[in-house]
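# Notes for the structure review
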Amino acid sequence: MGKQQLTLEQKIGQMVMCGFHGPVVNDNIRTLIEKHHVGGIIYFRRNVQSKEQVCGLSRELQLISRKHTDIPLFICLDQEGGMVARIDWDDITLIPGNMALGAARSAEDAYEAARICGEELLHMGINMNFAPSVDVNNNALNPVIGVRSYGERPDLVAELGAAQIRGLQEANVAATAKHFPGHGDTAVDSHHGLAAVNHDEERLLAIELAPFIRAIREGVDLIMTAHVMFPAFEPNPIPATLSRSVLTNLLRKRLNYNGVIVTDCLEMHAISKEFGIPEGAVRSVEAGADLVLVSHTYEEQVAAIEALVEAVRSGRIPESQIDESVDRLLALKAKRSMDVLPEVTPQFAALFGSDASKAVVDRICENSITLVKNDGGAIPLRKEEPTLVIWPEVRQRTEVDEPIEQSYTVATALSPYVDHVEEWRIGTYPEAEEVEATLAKAASFKQIVALTYNAVSTLHPGQVEIVQGLIGLQDAQVIVASTRNPYDLNQFPDAPVYLCCYENRPATMKALGAVLAGKQEARGKLPVTISPEYPFGHQA
């Protein structure tokens, strides 16, 4: 169906991407497709249970759409890798996250990982990935990007981002460079508030925008907007998502980007609390967005669609602009052959998690473990010495994290190498009672491996108290390893041994275990500066 045959409502529907609740088609998403003509679906963890189920769900959604149009659906999710992955089952290939790739320093491996990820997503009917994040993380207090960035240097971010875009798109999955013009140097999470990046234009072009310029050169299919203010480009106090100066004047005209511009979710508070979702949808399209994302709430999704239709009917948005956006969307769907239906064949299971794919992941993880300091000879661990592993597990859901109850931890990884390993699990937000119990447990051990997870004092002060207490124990050798935020060391700089892992997934914990046991060198290089003593590129 060509654009000229579409009604206004059908054209607006193509410009909206929606999520829904549950692992099966429900009345809300069915109505959004059948009545409101939405052209895109986003999955979250609430939608995915197994690879066969996801494939079946994708197929059913496409078939529902086919009854009304020959335009296929975008089916999308955020599968960045590492700690930000909607799908992390053991029987698929979970690729490492960006900062692990930044520490491993291999563009070839970054490409391979993205290609593997893309191929497996496509088998499940997922034809678009909201990845990679090409934000340059040069703010240690950034609460939302952190390890989702390859690092603090624009050249490293640009190189690895371009490699992953190439890998995804060679697998015929549309890649998305995000969050334009750059969310790396913020200290506010746009899920909860409105942040600003106050640098001048020269600095923004040299740092924040450099990876996007490279992504455009690489032919990236989509660029996602940031709900962040950039006074250098937009003098009014509005985020980039709603700024014509940013989306049209800067991205379209100045940087010559011809692909699809997609908004970050309009239900994030930086938009929903400040402007309202229907008005946010209209303003983002006025600014130059082609695809509007409303991820969660059915009533808000319908309101956004209706507001866009009314904005065109009233003359607020010219229909010619809508036509240009629809042209881009239809061209992308054709380019990536999104009309091909996924299918669970007898060979389906063999398409995922192959030995060759997992070998790529193992190699990256082995090359990412970064030894920052090693005072006192605690590595390698003594085989015969009873060892306590303190493991922080993610129990609370945040906008970036899902609760993860992980059976394979560094304690599992150490068991072949150390005679007696005991694991002590804590939450990532330990209260005083849990801190006290942990230190009491540790008092009888001489060899302790303490893992931390975002132990920045403002976020997880209980973890900091535990590490500081461990360092104070007499005659104990204490090894601290961060399993997400590399900046944790700044909260306990007296830790005698410190390693960065950037994520706590099994393949990384396996690599950490081998390093702690002295079976493998720590080959990673810091992708960020922790402090003047431990700068970008450092390895002990």
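Residues numbered from 1 in each chain as written. Predicted model: local features only at pLDDT ≥ 70, side-chain atom pairs only at ≥ 80, totals over all residues. Heavy atoms only, no water.

Under an unreviewed UniProt entry, the protein has the name Beta-N-acetylhexosaminidase and belongs to Paenibacillus thiaminolyticus.

Here the focus is the pattern of salt bridges. Inspection of every chain in the model, using the stated rule, returns 34 salt bridges. For Glu-80, the salt bridge identified is with Arg-148, shortest N-O distance 2.7 Å. With Glu-80 in strand β4 (residues 79–81) and Arg-148 in the loop between β6 (128–129) and α6 (154–170), this residue pair connects regions lying 68 residues apart in the sequence. The pair Glu-80 / Arg-148 is uniform in exposure class, with both members buried. Across the salt bridge formed by Asp-290 and Arg-328, the nearest N and O atoms sit 2.7 Å from each other. Note that Asp-290 is positioned in the loop between α11 (277–287) and β12 (292–294) and Arg-328 in helix α13 (residues 319–335), a separation of 38 residues in sequence. Taking relative accessible area as the criterion, Asp-290 reaches 0% and is therefore assigned buried. (Salt bridge = Lys/Arg side-chain N within 4 Å of Asp/Glu carboxyl O. Helix = DSSP H or I, 4+ residues; strand = E, 2+ residues; numbered from the N terminus. Buried < 20%, exposed > 50% of the residue type's maximum accessible area, 1.4 Å probe, protein only.)

Before going further, it helps to examine the sheet that holds strand β18 (residues 497–500). Strands sit in the order β13-β18-β17-β16-β14-β15 across an open sheet of six strands; the sheet is mixed. Where the open sheet ends on each side, the last strands, each with one partner, are β13 (370–374) and β15 (421–427). Neighbour-to-neighbour, the strand axes of this sheet turn through a mean angle of 20 degrees, independent of strand direction. Examined bridge by bridge, strand β16 (residues 447–452) and strand β17 (residues 477–482) share six bridges and lie parallel to one another. Each residue of the ladder has a partner; that of Val-449, found in β17, is Ile-479. Here helix α18 (residues 506–516) sits on the sheet and contacts β14 (387–393), β16, β17 and β18; the angle it forms with β18, its principal contact strand, is near 150 degrees. (Pairing = 2+ DSSP bridges. Axes fitted to C-alpha atoms, helices over the stretch in contact; angles between N-to-C directions. Contact = heavy atoms within 4.5 Å.)

What follows is about the packing of helix α5 (residues 107–123) against α6. Between α5 and α6, the least distance of the axes is 7 Å, while the angle of their chain directions is 30 degrees. In terms of their interaxial angle, α5 and α6 are classed as roughly parallel. The crossing of α5 and α6 is right-handed. Note on element contacts: α6 touches α5 through Glu-159, Leu-160, Ala-163, Gln-164, Arg-166, Gly-167, Leu-168 and Glu-170, opposite Ala-107, Ala-110, Tyr-111, Ala-113, Ala-114, Arg-115 and Gly-118. Grouping the amino acids of the contact of α5 with α6 by side-chain chemistry returns eight nonpolar, three polar and four charged. (Parallel < 35°, antiparallel > 145°, perpendicular 65-115°, else oblique. Left-handed = near helix turned anticlockwise from the far one by under 90°. Nonpolar A, V, L, I, M, F, W, Y, C, P; charged D, E, K, R; others polar.)

So, about helix α3 (residues 51–66). End to end, α3 covers 22 Å across 16 residues, agreeing with the expected 22 Å (1.5 Å per residue, within 8%). Turning to α3, its buried residues are Lys-51, Gln-53, Val-54, Cys-55, Leu-57, Ser-58, Leu-61, Gln-62, Ile-64 and Ser-65. Contact partners of the buried residues in α3: α2 (27–34), β2 (40–42), β3 (74–77) and α5. (Expected span 1.5 Å × (residues − 1).)

Before going further, it helps to spend a moment on the sheet that holds strand β11 (residues 260–262). Picture the strands of a sheet paired through backbone hydrogen bonds; they go either parallel or antiparallel. If you trace the three strands from one edge of the open sheet to the other, you get β7-β9-β11, paired in parallel fashion. Among the strands making up the open sheet, the edge pair consists of β7 (176–180) and β11. On average, adjacent strands in this sheet sit at an angle of 25 degrees to one another, irrespective of strand direction. Here β7 pairs with strand β9 (residues 222–225) via three bridges, running parallel. Note that in β9 the partner of Phe-180 across the bridge is Thr-225.

Bringing the pairing of β3 into the picture now. Side chains Phe-74 and Cys-76 of β3 all project onto a buried face; the interleaved residues Ile-75 and Leu-77 project onto the opposite face, where all are buried too. When β2 meets β3, the two strands line up parallel, connected through three bridges. Across the sheet, the residue bridging to Gly-40 is Phe-74, located in β3. Crossover handedness for the path β2 to α3 to β3: right-handed. As defined by bridge partners, β3 adjoins β6 across two bridges and the pair is classed as parallel. The residue of β6 that forms the bridge with Cys-76 is Met-128. (Right-handed = clockwise from strand over helix to strand, strands pointing away.)

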